[in-house]
Amino acid sequence: MQRFSGKGVYGAVAVGAAKVLRRQQTSVNRIHIDDPERELQRVKTAKEKATAQLIEIYKKALEEVGEDHAQIFEIHMMMLDDEDYTESIENIIKTQLVNAEYAVSVTSDEFSKMFRSMDDAYMQERSADVRDISNRLIACLSGADSNSLHADEKVIICADDLSPSETVTLDKSKVLAFVTAFGSSNSHTAILARSLNIPAVINAGEEFLNAVKEGDRLIVDGHTGELIIDPDEQTSDHYLEIQKRDEHRKALLGQLKGKPDITKDGREIKVYANIGGTDEIDAVLANDAGGIGLFRSEFLYLANDTSPTEEQQLAAYKKVLERMKDKKVIIRTLDIGADKQVDHLGLEKEDNPALGLRAIRLCLKRPEIFITQLRALYRASVYGKLGIMFPMITSVSEVEKCLAACEQAKKELKAEGIAYSEDVELGIMIETPAAAMISDRLAPMVDFFSVGTNDLTQYTLACDRQNAKLEEFVDTHHEAVLRLIEMSAQNAHKHGAWIGICGELAADTTLTEKFLAMGIDELSVSAPFVLVLRDTIRKTDLST
Ligand code: PEP
Ligand code: MG
């Protein structure tokens, strides 16, 4: 039995087998072999495995982001089956008597170079695809299994770190828990784990990753961040007991379903849920949230190799609005950059991405992206009760530009005879100290504010939210952050706007009373926290 500890990001216990994903294992050694037939057979088996993975990914992509985006995985399957590609691998094994991994790696280099040198832009793009399928094949050969998940049973994912897009492509129905060696509690992987109701421990350290082996029995305690490899019977029993207690608590909270979010002294609060994709709507409904306070639309961009088209976005927004029926759905416009990077937007590398061309700045610089999204949003608005929210606002002029872009999108739709609703609420995120400080100027321009405490904390305390080493310096209850929230609440109400909180702090029940006393009208949290929050609100008495 070995004990390690990291930071628990979702309070629940998982007990199960470890599945180790090591991203850095793609470097390949050249090894002389005596039995080429065996290597050829290994390639054949690995190809079958890789194809099976791609079929699964294709199906998932089809469900989550539509046919256009899913097509790339069909192309990957075709490339994997390409005669020239296969022949090259086989020839290298037979003529040079080398291991299969090496033959794939050399073929990958040659083919991607060949594609890159072609004139046709479409063919040039295939260069990255060859590398991608080759990495997948090498991972299958080496048993590293790429970073996609194939398991008959639910497993505990142990990885160095997971990018948001990797987290999206993991089959969450097979995940008992996430453990990452690095990462911070406000990373999007951690946020996703919370919203999916999956126990997660981050920042467990490299020693943990070196110690844990594929298939090891593992206990993950998302309450305390404790990790136990190969537990003895007594320890196992102890944690199974905690697991039972959690289940019991969950059942108790179930009794709060359908009850109003109202304090003892009769103040009604909106309790909404945050989502990062349409696959989380079930959890929102199951947890009886009053609406969606934050739909992080960037996950549509992160899950694919190309930007989602207007039609694809419309399909996703329409789905969430229709499923939420008459409940409010607030969709945040693209918040990419900083910790969320995608190759297909061609963003330049920045020294300080958190302070760089991210979120609304990128959208204002790239109107083709922004207007496409706004058109999709307005087209979807006829299917439910939509709110649109702009991230990372720092100035009045940015809000003016956002409002003008909305007008342009509507004007275009009108000219094309496409229906949209005029009843769409427009709001901004308060997640920079600048926005909070000038909230008196911003409030008259919008219908609502939503405080993004993750970024507001990062920018107020000058602590990179991605930097795990700074956890000890991040006082999430820092007076400066709380004062900025209070100031924003006062200014919102003075000018007839409502104010919510959608950052992670909204779920911190030790602050609920304080937030309500400040006048916060809405709290938006990961779906599993909705009923916990309802319980707290119903026990709060603001009159005492
Ligand atoms: C926030 O910053 O608090 C927020 C909700 O946005 P995100 O975490 O997606 O940056
Ligand atoms: Mg933010």
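The numbering scheme is per chain: residues are counted from 1 as the chain's sequence reads. Labels are handed out in written order, letters beginning with A for the chains and numbers beginning with 1 for the ligands. In keeping with the model being predicted, local features are shown solely for residues with a pLDDT of at least 70 and side-chain atom pairs are shown and tallied solely at 80 or more, while totals for entire chains, interfaces and linings include all residues. Calculated side-chain values reflect all of the structure's heavy atoms, with hydrogen atoms and water omitted.

(A) Spatial organisation of the coordination of the magnesium ion (ligand 2). Coordination shells were defined by N, O and S atoms within 2.8 Å of each metal, extended to 3.2 Å for Na, K and Ca; water is absent from the atom set, which can make sites look incomplete. On the protein side, the magnesium ion (ligand 2) has E431 (OE) and D455 (OD) as donor atoms, found 2.0 to 2.1 Å from it. Of the two residues, E431 sits in the loop between strand 13 (425–430) and helix 16 (433–437) while D455 sits in helix 18 (residues 453–461), which places them 24 residues apart along the sequence. Summarising the burial analysis for this pair, E431 and D455 share the class buried. Helix numbering and strand numbering both begin at the N terminus, where a helix is a DSSP run of H or I of at least 4 residues and a strand a DSSP run of E of at least 2. The classification of residues rests on relative accessible area computed with a 1.4 Å probe and restricted to protein chains. Under 20% of the type maximum is buried, over 50% is exposed, and intermediate values are partly exposed.

(B) Region of interest: the nonpolar core. Among the nonpolar cores identified, the biggest contains 87 residues, and F390, I485 and F515 are the most heavily contacted of them. With eight residues, the top contributor of residues to this core is helix 14 (residues 367–380). In this view, F515 contacts L482, I485, I501, L505, A506, I520 and L523; residues no more than four positions away in its chain are not counted. Residues belong to one nonpolar core when they are buried, are Ala, Val, Leu, Ile, Met, Phe, Trp, Tyr or Cys, and are joined through side-chain atoms within 4.5 Å. In this structure, L54, V106, L137 and C140 belong to the second largest nonpolar core, which totals 30 residues. Any two residues whose heavy atoms approach within 4.5 Å at even a single point are treated as in contact.

(C) Quick look at the site of ligand 1. The environment of ligand 1 is formed by 17 residues, the closest being R296, R332, G452, N454 and R465. Between ligand 1 and the protein, one listed contact pairs an oxygen atom with a side-chain N or O atom of R296 at 2.7 Å. Distance and chemistry together define a polar contact, namely a pair of N or O atoms within 3.5 Å, with one atom able to donate a hydrogen and the other to accept it when in protein, and with adjacent residues in sequence counting only for side-chain atoms on both sides. Between R332 and ligand 1, the recorded distance is 2.8 Å, taken from a side-chain N or O atom to an oxygen atom. Secondary-structure elements contributing two or more residues to the shell around ligand 1 are helix 7 (188–195), strand 10 (291–296) and helix 18. Ranked by the residues each element gives to the shell around ligand 1, the list is headed by helix 18, at three residues. Throughout, the term near means that a residue has one or more heavy atoms lying within 4 Å of the molecule or strand in question.

(D) Focus on the pattern of salt bridges. Salt bridge criterion: a side-chain nitrogen from Lys or Arg within 4 Å of a carboxyl oxygen from Asp or Glu. Counting across every chain of the model gives 30 salt bridges. Put simply, R42 and E101 hold a salt bridge, and the shortest N to O gap is 2.7 Å. Here R42, found in helix 1 (residues 36–65), pairs with E101, found in helix 4 (residues 100–116); they are 59 residues apart in sequence, far enough to count as distant. A residue is classified by how much of its surface remains accessible, and E101, at 13% relative accessible area, is buried.

(E) Examining the sheet that holds strand 1 (residues 2–5) more closely. Pairing between strands is defined by DSSP: at least two bridges between the two strands are required. Strand order across the open sheet formed by eight strands is 1-8-7-3-4-5-6-2, with mixed pairing between neighbours. Among the strands making up the open sheet, the edge pair consists of strand 1 and strand 2 (7–10). When the angles between neighbouring strand axes are averaged without regard to direction, this sheet yields 30°. Relative to strand 6 (residues 200–202), strand 2 runs antiparallel, the two being bridged by three bridges. Lines are fitted to the C-alpha atoms to define the axes, a helix being fitted only along its stretch in contact, and any angle between axes, read from their N-to-C directions, falls within 0 to 180 degrees.

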